[in-house]
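Tertiary structure, described
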Amino acid sequence: MRILIGLPGAVAVVLLVLLVLPLFGVSIGFGPFASVEPSASASASASASASSSGSEAASPAESGAESIAPTSTPTPPDEGWICGLPVTLAASGAAIHHTIDVSVSTHPDFDRISFEYQEAGSPAFEMRNTRPPFTKDPSGQPMTVNGSNFMRITLNGATKLADDGGLTYTGPTNFEPGFPQLVQLIEQGDFEALNSWYVGLDGGDCIRAAVVTGPSRIIIDVQH
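Summary of the structure given here.

Rules used in this analysis
- Along every chain, residues carry numbers that run from 1 in the direction the sequence is written.
- Side-chain atom pairs in this predicted model are given and counted only at pLDDT of 80 or more, local residue features only at pLDDT of at least 70, and totals for whole chains, interfaces and linings cover all residues.
- Note that water and hydrogens are dropped before the side-chain values are worked out from all heavy atoms of the structure.
- Comment: elements are numbered from the N terminus, with helices defined as DSSP H or I runs of at least four residues and strands as E runs of at least two.
- Between buried and exposed lies partly exposed: a residue is buried under 20% and exposed over 50% of the maximum accessible area for its type, with that area taken using a 1.4 Å probe on protein chains only.
- In what follows, a contact means two residues having at least one pair of non-hydrogen atoms within 4.5 Å.
- Reported accessibility uses the Shrake-Rupley method at a 1.4 Å probe radius. Residues are deemed covered only where the shown protein chains occlude them.
- Between Lys or Arg on one side and Asp or Glu on the other, a salt bridge is scored when a side-chain nitrogen of the former is within 4 Å of a carboxyl oxygen of the latter.
- Two strands form a pair only when DSSP identifies at least two bridges running between them.

Here we come to the overall build of the chain. What the chain contains, in helices and strands, is 2 helices and 15 strands. Taken over 224 residues, the chain has a buried fraction of 29%. Here the contacts in the chain between residues at least 6 apart in sequence split such that 67% fall between residues at least 24 apart. Of the accessible surface of the chain, which amounts to about 13,400 Å², a share of 59% is contributed by carbon and sulfur atoms.

In structure tokens, the structure reads:
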């Protein structure tokens, strides 16, 4: 009988101890005061999962940014070059264009010829292959042009003869610059608003021509 009475007492003592221990920071692993901190392995697993999910979520955004980013398409080096003559440009602006400057220059990939005019627009332009013999216009006197490949520029509606009988251009009419392609540029004639020039080249025959403004010019490039 004493054993039956002592058992409830022992149980009461155990319960009391279990209730008191958590108050002193001792985890008992169960009950209302059991520790709820996740294990180290569970925390690491959760962190890795969250990190992985975050990376996967960022990927579509990055991929989308790449897909809409503008791309630059390099301009082909032969853009605008014409390797078969003749090349022509239509006239624009005034009926007669007075020449005020003629110049030549060289650049990394081409040599340039430039005709500058007093009036806006440009005369009709034509450039075509030619070959000896070369003659002056209008006299028909023989001319010598240096080079191995030859072209003739015709500027219909252009002249350096001013209305008052003077000249709007008094610069050189014979250039021998010795550029990589341009060997010689020499005026053939300036007669009745038809200005013509011979071009002597070192073999090249790919060109591009354009009318530009500010000032009004016809520019001819010969590819190296």
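On to the pattern of salt bridges, then. Taken as a whole and assessed by the stated rule, the structure comprises 5 salt bridges. Here Arg128 makes a salt bridge to Glu126, at a shortest N to O gap of 3.2 Å. Exposure remark for Arg128: the relative accessible area of 37% places this residue in the partly exposed category. Among the charged side chains, a network of salt bridges with common partners joins Arg112, Arg208 and Asp221.

What follows is about the sheet that holds strand β13 (residues 194–201). To summarise the sheet geometry, strands pair through backbone hydrogen bonds and adopt either a parallel or an antiparallel arrangement. Taken together, 6 strands build an open sheet; the order of strands is β1-β6-β9-β13-β12-β11 and the sheet is antiparallel. For this open sheet the edge positions go to β1 (87–89) and β11 (174–175), each flanked by a neighbour on one side alone. Judged from the 8 bridges that link them, strand β9 (residues 149–156) and β13 form a sheet pairing that is antiparallel. Along β13, the bridge assignment pairs Leu155 with Asn195.

Our focus in this paragraph is the pairing of β9. Among the 8 residues that make up β9, 6 are buried, leaving the element largely enclosed by the rest of the structure. Relative to β9, strand β6 (residues 124–130) runs antiparallel, the two sharing 7 bridges. By the bridge assignment for β9, Phe125 is matched with Leu155.

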